[in-house]
Amino acid sequence: MEIREERKGNLIILELVGRLDSLTTEDAKKQMLVLVAAAPHLLLDCRQLEYISSVGLGLFMLLLKMKRDGGGSFGLFSLNPRIREIFVVSKLDRVMPIFETREDALKTVPAGAAGA
């Protein structure tokens, strides 16, 4: 699992590349918790996420809770059809904001959060 970081003001966008499963989630969790601590708003770019297990879904739920409890925002975008189906079957698409494109996701970030 590779995590690429982009910061824009109070927003962090993490691009997830590879698999988020029982072998990779713990390391990804440690890395993500450090990266997201400084920014109240978080978007996850799932365009190159190949697979997510229940452990990976648990990490997404943890990030969602952290951001909401801290007064921030959270969203996912660019899920491939296989990953989207996992969210639909698990009904997590009803809990987590999922957007088709990066542009759609950026529109939901509070005004001024992404900097100028």
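Anything mentioned here points back to the structure above.
If you're wondering where the values come from, they're calculated on a predicted model, not measured in any experiment.

Draft legend 1. Summary view of the nonpolar core. Within the largest apolar cluster, 28 residues are counted, with the highest numbers of intra-cluster contacts made by Leu14, Leu16, Met32, Leu44, Phe60, Leu76 and Phe87. At the level of secondary structure, the elements contributing two or more residues to this core comprise β2 (11-20), α1 (25-36), β3 (41-52), α2 (54-69), β4 (73-77) and α3 (81-89). Each residue touching Phe87, except ones within four places of it in the same chain, is listed here: Leu57, Phe60, Leu76, Leu79, Leu92, Asp93, Met96 and Ile98.

Draft legend 2. Looking closely at the sheet that holds β4. The five strands lie next to each other as β1-β2-β3-β4-β5, forming an open sheet whose pairing is mixed. Across the chains shown, the open sheet's two edge strands, defined by having one partner strand only, are β1 (2-8) and β5 (98-99). One ladder, built from two bridges, connects β4 with β5; its direction is parallel. Opposite Leu76, over in β5, you have Ile98 as the bridge partner. Each of β2, β3 and β4 is contacted by α2, which is oriented at about 175 degrees to β3, the strand it contacts most. Contacting β3, β4 and β5, α3 crosses the sheet at an angle of about 110 degrees to β3.

Conventions used here
Residues numbered from 1 in each chain as written. Predicted model: local features only at pLDDT ≥ 70, side-chain atom pairs only at ≥ 80, totals over all residues. Heavy atoms only, no water. Core = buried A, V, L, I, M, F, W, Y, C linked by side-chain atoms within 4.5 Å. Buried < 20%, exposed > 50% of the residue type's maximum accessible area, 1.4 Å probe, protein only. Helix = DSSP H or I, 4+ residues; strand = E, 2+ residues; numbered from the N terminus. Contact = heavy atoms within 4.5 Å. Pairing = 2+ DSSP bridges. Axes fitted to C-alpha atoms, helices over the stretch in contact; angles between N-to-C directions.

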